[in-house]
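# Inside the fold
As a plain string of letters, each chain reads:
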Amino acid sequence: MTSAWLSWPRPPLAATPREPVVTKAAMQRISFSGPQARALWQPRLERLGATAVAIELEMVRRKQIAATLLWTAYDDIEALTERASTISLHAKPIKASLGYAADWPLEASIGEPKRLLDYAVLIGTVSLDAPMAEPAGDDPVQVAMRFGYPACCARSWADHLRRGGSDPLAAMLGREDKTGIHAHVALAVLGLGPVRHAPCSTDCSATQDRARSFLDLGRELGFVEEIGWLEEIADWPLGASLVNGIAELKTAAFRCTWLSDEGAPRARKAAPALRAERGKAVAIGLGDSDDIIAELGAGCEAVGFENAFAMRSRFSTVVWEQTAALRHAATAVHVGCGDGLLLELIAQTRPKLTLYGTEEDSALAEAARRRLGPLSRVLGGTGGEALAALAGLAPEGIDLAFVDPERLDDGEALAAIRATTRTVIVIGTDRALHRFKDMESLAASMGLVLLPGRAARVSAALSPAMDRLH
Amino acid sequence: MTVEVRPLGDKCNIKCRYCYQEGIRTAGNVPKRYDLDAIMATLDRLAEPFSLFGGEIMMTRRPDLERLMQLGFDRHGGVGMQTNGTLIEELDIELFRKYRVRIGISIDGPGPLNDARWAGSLPATRRATARSEAVIETLCREGMPPNVIVTLNRMNAAPARLGLLCEWIGFLGSLGVRKLRLHLLEQDETEGGEGLALTAQENLAALRQLRRLEQKLPSIQFDIFAEMAAMLRGDDARTSCVFHACDPYATRAVVGVESDGRLGNCGRTNKDGVTHLRASREAFERQLSLYRTPQDNGGCQGCRFFLACKGNCPGTAIGGDWRMRSVDCPVWFGLFEDIETELLASGETVISRSDRRPELEAKMIAAWSIGDNPALHSLLQPAEAP
Ligand code: SF4
Ligand code: SF4
């Protein structure tokens, strides 16, 4: 931020107390669209602000305008006064306004309240007094023209003030039809030029003439690069809006905002039409709650869980713990598969695996078939029958068997499983873990030995040396 | 201030149908690389505890992730992490323990209740959900129970499913989960998100039921209700960003450290696919405007809860326009009323019914006008009570 900044719009001392600092407020509220935009445009905007001050002072010196008004902090008044006097101009602070807390010098807040204020400094070729800049104290049309407004824009601005308006630019942004609002007009709030007043219309030719003379003078003063940037800005597409008194401008490089006292809050229109053109929604099917309960997991008590959530969570954890084993397997069986939930979770992780289930409870076996689809291989009948059928279906053997040892009838059952499978994974159900606390104790209680080296929180591979229950 | 480290920006392995970051991904503004040294330098400079965030933070290379965890551990004794949990592996558990990582898992429910967190196809979605569930159980069994972040939507909190959601939360409590953060679905988001949002009445009914659940399950705590009660008491020392007059141009409560180390705003206000950088000055145009704007026009004029609520999160503003109040206003209002009634019944004073409310509002407006945002409790201090 430069140490002195132009007021927006000319003439400066408008009807409402916040208006004088709009330029500063909007400049400090620039939010760049990314690091590249910031790296490019932050220094440029700073230089453009300083350039605009230089051009404005030169206009006063050449008597193209009677006076200008710059805002500055208390600590910078002296430097500004000196700068003016080096080009034979008179500068006089005429008004103060409470600035923003974020700018206050830390040491000033208690001892020197004057340092918390921003000061309006009136600058002319002769010593001037505040009333010449006060629309309330003089004919506002005359005041406006004195500060560089074309007559048409001075009249329209004065009308706007009379109607109780304060921020003509925000009022313009608040209109429904924003076509034709030139980027230089909208961004004029930043005090960068070349537009330095509120135009009477979006295509006001007098405004265009004034903007052109601003650019020409800038070039003449040697600000060639800066004027080039202003010309680049002229072509920027711009989004501009005023909602409930907050104005917002959006360009590809940055957005900025300021609070205006302008305009009664307006009812907002519906959400923008653009949303209808975006990617297609995926249809959302909501089954009824019975379907959902069945989907979450049925028959949990029969297979050793307190509720469906516990069963789903546990089986999910088994699959997660056994990720590596599943990755190396081509076939797997869940002995006592209940409603098939574990098999479904395995299939979701390893869709190419050939999966089998055995389940004595015919209702649960049927539920498993429903869950796993028509091609599922869920074998009913007693444990022995199912395992015999399994051996027939998979003569090459099965890579992995998931087993709750508490659901096996006896040691023979485990032996039968071992006869057809290469690795047995023991699963800890709620029932088993409540009783035995952890997998090691569960296994030990049955005389089983687990393969060392795995986390084995809720599942573990049986040691290959274990052929049968002891 | 919450510092959210986002090495891969909004990059995520799943695409929740309602995610507020979808706009950014749709616009293709996701960084492909990151500069870890720059990120760490920024974290050094900020000297604040931080959270590993995304997108999905677990897509970060493990050695880099470990350096970030170590930095958090060395400087602040630990680090937060928010993840969907689907990419967590066995080896990560040891890292979490070693660097005291406080994990938050985003999941909306078990199995089908989490289908809004869409991973491309139904099997992939269910697989991802199962992994999240597995990680919650595993962390609990390892003595590191995660916080769980649940977004209420039609898949998990439609009237027919709400009972199941409550039962599941009870189950999480039995596993060892203690804290849940509830989010309302951001209604004005991606096209894919449409149809998932609950109505305001449904949201309110869901939150009321969850509040009753909290009273029945003392081991589980939803942060939102306690925070709302604290705000009504005028105690905003520990409440979250949505109650703190958030400025979407410079979200003070949440700062993102982006892939190149720069500071970004909280992503929830990025509605047009652009991650804007922070403005140089924080300001309160939104709150000043909401205070004076009639409710029919999207403001909060006359609302007795304004000091507590402040129009809530600008990322949830009506029509996606940060200048409006939150689209969830009816939900906040209803809950504030419930909590206000209970606090009054138990003999407590609340700022919404205090004689000092006009004076406090005037002080707050005056402070916001000069760009200051004092804590509510600091305004209350001279008289000590609301
Ligand atoms: S936008 Fe919303 S979520 Fe983000 S910091 Fe602000 S209040 Fe918090
Ligand atoms: S409850 Fe509604 S009206 Fe009241 S402050 Fe919150 S958003 Fe505004």
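Details of the structure are given in the entry above.
Structure report, in brief. Along each chain, numbering runs from 1 in the same order as the chain's sequence is written. Chains carry letters and ligands carry numbers; both start at the beginning, A for chains and 1 for ligands, and go up in the order they are written. With the structure being a predicted model, the display of local features is reserved for residues of pLDDT at least 70 and the display and counting of side-chain atom pairs for 80 or more, all residues being used for whole-chain, interface and lining totals. Each side-chain value is derived from all of the structure's non-hydrogen atoms; neither hydrogens nor water enter the calculation.

Another point: the overall build of chain A. Summing up its helical and strand segments, chain A has 19 helices and 14 strands in all. Counting over 470 residues, chain A shows a buried share of 53%. With residues, only the protein chains shown are counted as cover, and all accessible areas are computed by Shrake-Rupley using a 1.4 Å probe. For chain A, the accessible surface area stands at approximately 20,000 Å², while carbon and sulfur atoms represent 53% of it. Comment: elements are numbered from the N terminus, with helices defined as DSSP H or I runs of at least four residues and strands as E runs of at least two. Remark: exposure states derive from per-residue accessible area (1.4 Å probe, protein chains only) relative to the maximum for the residue type, with buried under 20%, exposed over 50%, and partly exposed in between.

Before going further, it helps to examine helix α10 (residues 224–234) of chain A. Every buried residue of α10(A) is listed here: E226(A), I227(A), W229(A), L230(A) and I233(A). The arc that holds the buried residues of α10(A), viewed along the axis, is 155°, so those residues lie on one side. It is the directions from the helix axis to the C-beta atoms that the arc portrays.

Bringing the pattern of salt bridges into the picture now. The rule for a salt bridge is simple: a side-chain nitrogen of Lys or Arg has to be within 4 Å of a carboxyl oxygen of Asp or Glu. Taken as a whole and assessed by the stated rule, the structure comprises 55 salt bridges over all chains. As a salt-bridge pair, E285(B) and R29(A) come within 2.8 Å of each other at their nearest N and O atoms. With one member in each of two chains, E285(B) in helix α10 (residues 285–292) and R29(A) in the loop between α1 (22–28) and β2 (31–32) form a pair that bridges those chains. Side by side, E285(B) and R29(A) carry an identical accessibility label, which is buried. Across the salt bridge formed by E227(B) and R181(B), the nearest N and O atoms sit 3.4 Å from each other. You can see E227(B) sitting in helix α9 (residues 223–233) and its partner R181(B) sitting in strand β6 (residues 179–184), a full 46 residues away along the chain. When salt bridges that share partners are traced, they join E321(A), R457(A), E90(B), E94(B), R97(B) and E142(B) into one network.

Okay, the nonpolar core next. In this description, a nonpolar core means a group of buried Ala, Val, Leu, Ile, Met, Phe, Trp, Tyr and Cys residues linked to one another through side-chain atoms lying within 4.5 Å. By size, the foremost hydrophobic cluster in this structure holds 155 residues, and its most contacted members are F402(A), L52(B), M69(B), F96(B), L152(B) and W168(B). Element by element, the count of residues in this core is highest for helix α7 (residues 159–175) of chain B, at nine residues. Residue contacts are counted whenever heavy atoms from the two residues lie within 4.5 Å of one another. Excluding its chain neighbours within four sequence positions, the residues that come into contact with M69(B) are L52(B), V79(B), M81(B), L95(B), F96(B), Y99(B) and V101(B). Counting 57 residues, the second largest nonpolar core, distinct from the first, contains M27(A), A183(A), A188(A) and I233(A).

Turning our attention to helix α15 (residues 362–372) of chain A. Along an α-helix, a turn takes 3.6 residues, which lines up residues three or four apart on a common side. Residues and elements named next belong to chain A. All of the buried residues along α15 are L364, A365, A367, A368 and R371. Down the axis of α15, the sector holding all buried residues measures 160°, keeping them to one side. Opposite the buried face of α15, by more than 90 degrees, sit the exposed residues S362, A363 and R370. The term polar contact refers here to a pair of N or O atoms within 3.5 Å; inside protein, the definition further demands a hydrogen-donor-capable atom paired with an acceptor-capable atom, and it admits residues adjacent in sequence only when both atoms are side-chain atoms. One side-chain oxygen at the N-terminal end of α15 lies 2.9 Å from the backbone nitrogen of A363; it belongs to D361. Phi turns positive one or two residues past the end of α15, at G373, with a value near 95°.

Opposite the 76 residues of chain B that make contact, chain A presents 72 residues. A combined buried area of about 6,200 Å² lies between chain B and chain A, and 55% of that area is made up of carbon and sulfur atoms. Here the buried area means the combined drop in accessible surface, using a 1.4 Å probe, for two parts upon being joined, counting both sides. Counting the surface chain B buries against chain A, the share from its top three residues, Y249(B), R281(B) and R323(B), is 13%. Here chain B and chain A share seven salt bridges between them. With a shortest N-O distance of 2.6 Å, E295(A) and R126(B) are connected by a salt bridge. At the boundary of chain B and chain A, one finds 22 residue pairs in polar contact (both at pLDDT 80 or more). Looking at the side of chain B that touches chain A, the elements with two or more residues in it are α4 (90–98), α5 (122–141), α6 (154–157), α7 and α10 of chain B.

On to unusual backbone geometry, then. With an omega of -5°, the peptide bond running from G193(A) to P194(A) counts as cis. Take P194(A): it is sitting in the loop between α8 (183–186) and α9 (205–220). Phi is positive for K63(A), which is not a glycine, with a value near 65°. Mapped onto the elements, K63(A) comes out in the loop between α2 (35–61) and β3 (67–73). By relative accessible area, K63(A) is classed as exposed at 61%. Its identity as a non-glycine residue notwithstanding, A47(B) has a phi of 50°, on the positive side. Looking at where A47(B) falls in the secondary structure, it is placed in the loop between α2 (36–46) and β2 (50–52).

Turning next to the site of ligand 1. By convention in this text, a residue qualifies as near a molecule or strand provided that one of its non-hydrogen atoms is within 4 Å of it. Taken together, the neighbourhood of ligand 1 is formed by C241(B), V242(B), C246(B), T251(B), V254(B), C266(B), R268(B), T269(B), C313(B) and P314(B). Three residue categories are used. Nonpolar comprises Ala, Val, Leu, Ile, Met, Phe, Trp, Tyr, Cys and Pro, charged comprises Asp, Glu, Lys and Arg, and polar comprises the others, including Gly. Grouping the amino acids of the shell around ligand 1 by side-chain chemistry returns seven nonpolar, two polar and one charged.

Mapping A37(A) onto the fold places it in helix α2. Leaving out residues up to four positions away in the same chain, A37(A) has contacts with F32(A), Q42(A) and A253(A).

On to the sheet that holds strand β11 (residues 377–379) of chain A. All names here are of chain A. Criterion used throughout: strands pair if DSSP finds at least two bridges between them. Read across the sheet, six strands follow the order β11-β10-β9-β12-β13-β14 without closing on themselves; strand pairing throughout is mixed. Unpaired on one side and paired on the other, β11 and β14 (459–461) mark the two borders of the sheet. Mean inter-strand twist for the sheet, computed between neighbouring axes without regard to direction, equals 20°. Inspection of the sheet shows strand β12 (residues 398–403) paired to strand β13 (residues 421–427) by five bridges, in the parallel sense. Counted as the bridge partner of I398 is T421 from β13. Helix axes are fitted to C-alpha atoms over the stretch in contact, other axes to C-alpha atoms as well, and angles between N-to-C directions run from 0 to 180 degrees. On the sheet, helix α17 (residues 411–420) packs against β9 (331–335), β12 and β13 and is oriented at approximately 135° with respect to β13.

As a further point, take the site of ligand 2. All names here are of chain B. Lining the immediate environment of ligand 2, one finds C300, C303, F306, C309, G311, R325, C329 and F333. Counting residues per element, the ones that place at least two in the shell around ligand 2 are α11 (306–309) and α12 (329–345). Looking at the shell around ligand 2 residue by residue, the classes come out as six nonpolar, one polar and one charged.

Let's shift gears to the environment of S201(A). All names here are of chain A. Position of S201 among the secondary structure elements: in the loop between α8 and α9. Assessed through its relative accessible area of 25%, S201 is described here as partly exposed. Distance from S201 to M172, taken between C-alpha atoms, is 8.8 Å for residues 29 residues apart in sequence. Here C204 takes part through its backbone nitrogen, which lies 3.3 Å from a polar atom of the side chain of S201.

Let us look at the packing of helix α12 (residues 308–321) of chain A against α7(B). Remark: α12(A) packs on α7(B), axes separated minimally by 9 Å, with the N-to-C direction vectors making an angle of 60°. Put simply, α12(A) runs oblique to α7(B). Crossing hand, α12(A) versus α7(B): right-handed. Contact residues: F309(A), A310(A) and S313(A) in α12(A); L164(B), E167(B), W168(B), F171(B) and L175(B) in α7(B). Considering only residue class, the contact of α12(A) with α7(B) consists of six nonpolar, one polar and one charged. Should an angle fall under 35 degrees it is called roughly parallel, over 145 degrees roughly antiparallel, and 65 to 115 degrees roughly perpendicular, with every other angle called oblique. Note: crossing handedness is left-handed where the near helix turns anticlockwise from the far helix by less than a right angle, and right-handed where it turns clockwise.

Let's shift gears to the packing of aromatic side chains. The criterion for an aromatic pair is that two Phe, Tyr or Trp rings (for Trp, the six-membered ring) have centres within 6.5 Å, with stacked assigned to planes under 30 degrees apart, edge-to-face to planes over 60 apart and tilted to the rest. Summed over all chains, the structure comprises 16 aromatic pairs over all chains. Relative to F254(A), the ring of F32(A) lies with its centre 6.0 Å away and its plane at 75°, an arrangement referred to as edge-to-face. Placement of the pair is F32(A) in strand β2 and F254(A) in strand β8 (residues 254–259), with a sequence separation of 222 residues. The two residues F32(A) and F254(A) agree in class, both being buried. Seen from their ring centres, F305(B) and F336(B) are 5.3 Å apart, and the 20° between their planes marks the pair as stacked. Of this pair, F305(B) sits in the loop between α10 and α11 while F336(B) sits in helix α12, placing them 31 residues apart in sequence. Per residue, the accessibility class of F305(B) equals that of F336(B), and both read buried. Here the aromatic residues F243(B), F305(B), W332(B), F333(B) and F336(B) are joined through ring pairs into a cluster of three or more. Above the plane of the ring of Y249(B) lies R255(A), whose end atom (NZ or CZ) is 4.1 Å from the centre. Definition used: whenever NZ (Lys) or CZ (Arg) falls within 6 Å of the ring centre and also within 35 degrees of the ring normal, the charge is taken to sit over that ring. Sitting over the face of the ring of Y356(A), R377(A) holds its NZ or CZ atom 5.6 Å from the ring centroid.

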